[in-house]
Amino acid sequence: MIPADVLQQVRRLHLRARRAVRTLLGGEYHSVFKGSGLIFDEVREYRPGDDVRTIDWNVTARTGEPFVKRFIEERELTVFLLADVSASLQFSSSARTLRVVAAEIAALIAFSAASNNDRVGLIAFSGQIERHVPPLKGTRHVLRVLRDILFLEPQHPGTQLRLGLEWLNQVQRRRAIVVLLSDFHDVGYETAFQWAGRRHDLIAVRLTDPRLAELPSVGVVRVQDAETGKQQEIDTAAPEVRRRYAELARQRSEMLRRLCGKANVDLVEVSTDGRHFEALLRFFHLRERCRRHSP
């Protein structure tokens, strides 16, 4: 039996995402994510401006009039949400945790996919594979996926991006749209990341928080690593401590950007500051422009 408060939160997420799909995305999802190929639709009479390469010479010879073959996009797509549900995603310096932001981004993409009759699947991972939901269609299925992203309690507190990516490459042989949602606080996943980028249309969504980029000056504080449990005292009033913290955060961000560039993977950076839908919308607009101007 699913608790009432869980159902209520999933319904709220559903309504918020559905409004965003209608008012923000519109047709961007359909234009940004193209089908896997073209399928034959019909043969019709040639019209001025038609590409002569599409002329059906057999029908043309039989009728004595030029006819062309018409093809349409094979639209049905598979969208896989590869969601980090490790303990570090419970962090937040605002009302929304990183995991809630991940769920809201996932909801926007998943409901856009559902409205286009595309399939949606889920791989939730921490230091192990926590849940694999094969891709299916429909709103009820999407709600089940979002419930897992929001409320699945991981059995392992750590993060192994490599494991999630390798599992994806094993279970999804055909090319898919893969949205990887994580804070990317891990190492040793680069090879699996590049391999997934070659096989799929991989989009890396980096989840962050203003406090993960810089420390406020509030004196000595005790902090705890959510994944290892290790505790440490930090003097945030010391300028050198804050400078070093900010520099390490900058280096992590730059390493991920370089990896995405090398793997030809799109990177979207979203924060708990409440502007994550706008960040995703900017990505959609930018990607649409790039596709429109590509040869």
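Our structure is the block above this text.
In this report, we go over the structure that sits alongside the text. Remember, predicted model here, so these are calculated numbers, not experimental data.

## As for helix α6 (residues 161-171)
Thinking step 1. Listing the buried residues of α6 in full gives L161, G164, L165, L168 and N169. Axial view of α6: buried residues confined to an arc of 135 degrees, hence all on one face.

## Notes on helix α9 (residues 239-263)
Thinking step 1. The terminal C-alpha atoms of α9 lie 36 Å apart, and with 25 residues this matches the ideal 36 Å at 1.5 Å per residue to within 8%.
Thinking step 2. Residues of α9 that are buried: A249, S253, L256, L259, C260 and A263.
Thinking step 3. Next to the buried residues of α9 lie α7 (190-199), β7 (201-208), α8 (210-213) and β10 (266-271).
Thinking step 4. Just beyond α9, the residue with positive phi is N264, at close to 55 degrees.

## Focus on the environment of Y46
Thinking step 1. Here Y46 lies in the loop between β1 (37-45) and α3 (57-63).
Thinking step 2. Between the C-alpha atom of Y46 and that of V68, which follows or precedes it by 22 residues, the distance is 5.6 Å.
Thinking step 3. Sequence-distant contacts of Y46, that is, excluding residues within four places in its chain, are made with V52, I55, P66, F67 and V68.

## Remarks on the nonpolar core
Thinking step 1. Core analysis: the biggest nonpolar cluster contains 46 residues, and L81, I105, I149, L181, V205 and L207 have the highest contact counts within it.
Thinking step 2. Ranked by the residues each element gives to this core, the list is headed by helix α4 (residues 98-115), at twelve residues.
Thinking step 3. Aside from chain neighbours lying at most four places away, what touches L81 is A106, A110, V120, G121, L122, I123, V145, I149 and V179.
Thinking step 4. Counting residues in each nonpolar core, the second largest holds 22 residues, with L256, L259, A263 and V265 among its members.

## So, the environment of V79
Thinking step 1. You can see V79 is positioned in strand β3 (residues 78-84).
Thinking step 2. Take V79: its relative accessible area is 0%, and that puts it in the buried class.
Thinking step 3. Sequence spacing of V79 and F33 is 46 residues, and the spatial spacing of their C-alpha atoms is 9.9 Å.

Calculation criteria
- Residues numbered from 1 in each chain as written.
- Predicted model: local features only at pLDDT ≥ 70, side-chain atom pairs only at ≥ 80, totals over all residues.
- Heavy atoms only, no water.
- Buried < 20%, exposed > 50% of the residue type's maximum accessible area, 1.4 Å probe, protein only.
- Helix = DSSP H or I, 4+ residues; strand = E, 2+ residues; numbered from the N terminus.
- Arc of directions from axis to C-beta.
- Expected span 1.5 Å × (residues − 1).
- Contact = heavy atoms within 4.5 Å.
- Core = buried A, V, L, I, M, F, W, Y, C linked by side-chain atoms within 4.5 Å.

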